[in-house]
Amino acid sequence: MGARGAARGRSEVPGVSGDRRGGGTGGGPRGGGSGGHGGPRNPGGTGGGPRGGGSRGHGGPRNPGGTGTGNGSGQRGSGSSASSGGARRGTGGGWGDTARGGGDRRRPQERRPARSEPRTAPPGRTDPARRAAFDVLRAVADSDAYANLVLPPMLAERGLTGRDAAFATELAYGTLRLRGRYDAILTMASTRPLKEIDPRVLDALRLGAHQLLGMRVPPHAAVGETVDLVRAVAGEGASSFANAVLRQIGRADLAEWERRMAERTADPLELLAQRTAHPAWIARAFREALAVESTAGGASPAELEKLLAADNAAPAVTLVARPGLVGADELAQEEHDGAIEPQGTVPTAWRLLGGAPDRIAAVRQGRMGVQDAGSQVVALALAAAPLTGRDEQWADVCAGPGGKAALLGAVLAERAEGAGRLVAGEVQPHRVGLLRRSVKAIEQAAPGLVEVVEWDGREVGQTHREQFDRVLVDAPCTGLGALRRRPEARWRRSPSDIPPLTALQRDLLTAALDATRVGGVVAYVTCSPHLAETRGVVDAVLRKRSDVEVVDAAAVLAEIAPGLTDVGAGPYAQLWPHRHGTDAMFLALLRRT
Ligand SMILES: C[S@@+](CC[C@H](N)C(=O)[O-])C[C@H]1O[C@@H](n2cnc3c(N)ncnc32)[C@H](O)[C@@H]1O
């Protein structure tokens, strides 16, 4: 298991008491998000904080790279600022002084504190929204916190709502997401190497850069407020330095900074990675995966750019209507009321049209849930893969927090008419708790159908030898396919995370195959397109076995979601945010022979 899997305890951030455990994933990578692509209750993976308000409408014209500056990563959609988004766009379409309201309009040098003031002012001395964004960045850096778990409780505890909450959310998430781009610009604008800058000052500079280049905050406000923040957290000397650097950044627009980046960076991939704010190793891994998974015989640079840009845009909130638990009439009524619309390609998927998901009764009751459409369709594919003989004993080997288990349970309840059993196992105790909550509605509709267990999935081959007809391995992975949901995730990962994860993934897949009866089907799923975690794992396991055949995943997907085309070269399927509007889910379907 990876290093970040462990529980992370309570927040030490001032004014935050939220749980930022993130959950880890065994492989830890996805943290709170790990069930991200699956979990109806997955706070980390589904974005947090006000949605909509900040995300739409302020990336715009100043962002020619097209990478957007979407705010929250989306799936949760608290709705608290959904309506404020339009208002915030206001006259200039940016986050101007007028939109922010209040605040000291004097020039930075006119706002120097009196000599008697302490060098480090207490929180609250600065603009509260900017201070909140700053504290989130510090929590991410210092305590390995997950931004989308830290920010919402911080906003609540500090009484930041509406526009201020949306501003803080966009500022924190946008800065975290685009950190690589801003660091490249800061390197050019600063007289000091970044590694010699006080980390607190560097985070504030990143926030300032995002206001200047990504949020269309008027330069005097972006610079002045950030300099105040630096003064409050690091003292007068640091504030002069910050003032000089931010003024330098404000002298050029993003297009000009990108032109300067291009002058300094010879490697086109590294330049693209910088412009789209991705670590170069991730951009390279995506390029390789696109090349292998492309039916057109190799990915074009333009397609890679689209993929990287898609990571920087907040995804729409997608809901799952769990079969048998939500009727067509009820869905039609919600659609008629303007609450949802069909997602378009995945039959169970619905797009939330604003507000918080729990405004919908079926969501409150667990009959619907928040779940990426890609997560839905891979679970549906396991349920639809052709199979002869008995079809009532199913298992989900890595089930927490339970998004896919709930969908599988609903399908099985409909299909098996009382005879079915879904064993949903998870290794982390607190995720077992989340899993129990996720399947509650299934339990009510079909008592006894779902059995939730705490287990190490690597052992199911021995403990449940050849018992199951269908088995899901939704493996712990790097989560590189869901970066759009987790602002800081791309900077946390490193290539060294891959080997321990792939070892775990191979073990889990091997165990799942051993736990499947002859003729039964296993779905191996990751929300990462990294070839080492996808084909690499499946091929390595298949090389060691002669009792497995590959089922054409694209053909199964074509049956259940005909609109979902271009899913790769086969026999596996790879979904992509820029092609399918889903997380980058990988699916392999394997039959025991
Ligand atoms: C990708 S998540 C699963 C998401 C889930 N299927 C859903 O849709 O909500 C992977 C899960 O595997 C769990 N895990 C990691 N190592 C495991 C192991 N050895 N046995 C069982 N579960 C494990 C992690 O704790 C994590 O909850």
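Only a predicted model underlies this, so the values are computations on that prediction, with no experimental measurement involved. (Residues numbered from 1 in each chain as written. Predicted model: local features only at pLDDT ≥ 70, side-chain atom pairs only at ≥ 80, totals over all residues. Heavy atoms only, no water.)

### A closer look at the packing of helix H7 (residues 199-213) against helix H8 (residues 219-234)
And step 1. Packing of H7 against H8 leaves a shortest axis separation of 9 Å and a crossing angle of 170°. Classified by the interaxial angle, the pair formed by H7 and H8 is roughly antiparallel. Taken as a pair, H7 and H8 cross one another with a handedness that is right-handed. For the pair H7 and H8, contact is made by Arg200, Val201, Ala204, Leu207, Gly208, Gln211 and Leu212 and by Pro219, Ala222, Val223, Thr226, Leu229, Val230, Val233 and Ala234, respectively. (Axes fitted to C-alpha atoms, helices over the stretch in contact; angles between N-to-C directions. Helix = DSSP H or I, 4+ residues; strand = E, 2+ residues; numbered from the N terminus. Parallel < 35°, antiparallel > 145°, perpendicular 65-115°, else oblique. Left-handed = near helix turned anticlockwise from the far one by under 90°. Contact = heavy atoms within 4.5 Å.)

### Some thoughts on the nonpolar core
And step 1. Of all hydrophobic cores here, the largest spans 68 residues; its most connected members are Leu319, Ile340, Ile360, Met368, Leu587 and Leu589.
And step 2. Two domains each provide a minimum of three residues to this core, namely domain 3 (318-366) and domain 4 (373-592).
And step 3. Excluding residues that lie within four positions of it along the chain, Leu589 makes contacts with Ala381, Leu382, Ala385, Val521, Val522, Ala523, Glu549, Val550, Val551, Ala553 and Val556.
And step 4. Core analysis: the next-biggest nonpolar cluster, separate from the first, contains 61 residues, Ala132, Ile197, Leu246 and Leu271 among them. (Core = buried A, V, L, I, M, F, W, Y, C linked by side-chain atoms within 4.5 Å. Buried < 20%, exposed > 50% of the residue type's maximum accessible area, 1.4 Å probe, protein only. Domains from an automatic or database assignment.)

### Topic: the packing of aromatic side chains
And step 1. A complete count under the given rule lists two aromatic pairs for this structure.
And step 2. With centroids separated by 6.4 Å and ring planes inclined at 70°, the aromatic side chains of Tyr524 and Phe586 adopt a geometry described as edge-to-face. With Tyr524 in strand E9 (residues 516-526) and Phe586 in strand E12 (residues 586-592), the pair connects residues that are 62 residues apart, well separated along the chain.
And step 3. When its relative accessible area of 0% is taken as the criterion, Tyr524 is described as buried. (Phe/Tyr/Trp six-rings, centres within 6.5 Å; stacked < 30°, edge-to-face > 60°.)

### Description of the pattern of salt bridges
And step 1. For the coordinates displayed, the defined rule picks out 40 salt bridges.
And step 2. For Asp142, the salt bridge goes to Arg138, with nearest N and O atoms at 3.0 Å. Highlighted residues: Asp142 and Arg138, both in helix H3 (residues 128-143), separated by four residues, approximately one helical turn.
And step 3. Exposure remark for Arg138: the relative accessible area of 12% places this residue in the buried category.
And step 4. In this structure, Asp456 and Arg458 form a salt bridge, with 2.9 Å as the shortest nitrogen-oxygen distance.
And step 5. Beyond isolated ion pairs, a larger network of salt bridges with shared partners links Arg138, Asp142, Arg179, Asp183, Asp203 and Arg206. (Salt bridge = Lys/Arg side-chain N within 4 Å of Asp/Glu carboxyl O.)

### Here we look at the environment of Gly409
And step 1. Positionally, Gly409 belongs in helix H17 (residues 403-416).
And step 2. Residues Gly409 and Ala379, spaced 30 residues apart in sequence, show a C-alpha to C-alpha distance of 10 Å.
And step 3. If we skip the residues at most four places from it in the chain, Gly409 touches Leu422, Ile442 and Leu449.

### Some thoughts on the sheet that holds strand E4 (residues 368-370)
And step 1. If you trace the four strands from one edge of the open sheet to the other, you get E2-E3-E1-E4, paired in antiparallel fashion. In this open sheet, the two strands that pair with only one neighbour each are strand E2 (340-342) and E4. Averaged over all adjacent pairs, the angle separating strand axes in this sheet is 35°, with direction ignored.
And step 2. Pairing between strand E1 (residues 318-321) and E4: three bridges, direction antiparallel. Bridge pairing links Leu319 to Val370 in E4.
And step 3. Along the sheet face, helix H14 (residues 328-336) touches E1, E2, strand E3 (349-352) and E4 and points at about 115° away from the line of E2.
And step 4. Each of E1 and E3 is contacted by helix H16 (residues 373-384), which is oriented at about 30° to E1, the strand it contacts most. (Pairing = 2+ DSSP bridges.)

### What about the pairing of strand E5 (residues 393-396)?
And step 1. Residue alternation in E5 divides its side chains into two sets, Gln393 and Ala395 and Trp394 and Asp396, and both sets are buried.
And step 2. Pairing of E5 with strand E6 (residues 421-426), which is carried by four bridges, proceeds in the parallel orientation. The residue bridging Ala395 from the neighbouring strand is Val423, located in E6.
And step 3. Inspection of the sheet shows E5 paired to strand E8 (residues 468-474) by three bridges, in the parallel sense. Within E8, the residue paired with Trp394 across the bridge is Arg470.

### Considerations on the domain arrangement of the chain
And step 1. Taken domain by domain, the chain consists of domain 1 (128-263), domain 2 (268-311), domain 3 (318-366) and domain 4 (373-592).
And step 2. The gap between the C-alpha centroids of domain 2 and domain 4 is 26 Å.
And step 3. Listed per partner, the contact involves 20 residues of domain 2 and 22 residues of domain 4.
And step 4. Taken over both partners, the interface formed by domain 2 and domain 4 buries close to 2,000 Å², and the fraction arising from carbon and sulfur atoms is 67%.
And step 5. Sorting the residues of domain 2 by area buried against domain 4 places Trp281, Glu293 and Asp311 first, and these three jointly supply 36% of that buried surface.
And step 6. Where domain 2 packs against domain 4, one counts six residue pairs in polar contact (both at pLDDT 80 or more).
And step 7. Elements with a contribution of two residues or more to the side of domain 2 that touches domain 4: helix H12 (280-293) and helix H13 (301-310).
And step 8. Ranked by residue count, the leading element in the side of domain 2 that touches domain 4 is H12, at nine residues.
And step 9. For the side of domain 2 that touches domain 4, a count of residues per class yields eleven nonpolar, four polar and five charged. (Buried area = accessible area lost by both parts, 1.4 Å probe. Polar contact = N/O pair within 3.5 Å; in protein donor to acceptor, adjacent residues only side chain to side chain. Nonpolar A, V, L, I, M, F, W, Y, C, P; charged D, E, K, R; others polar.)

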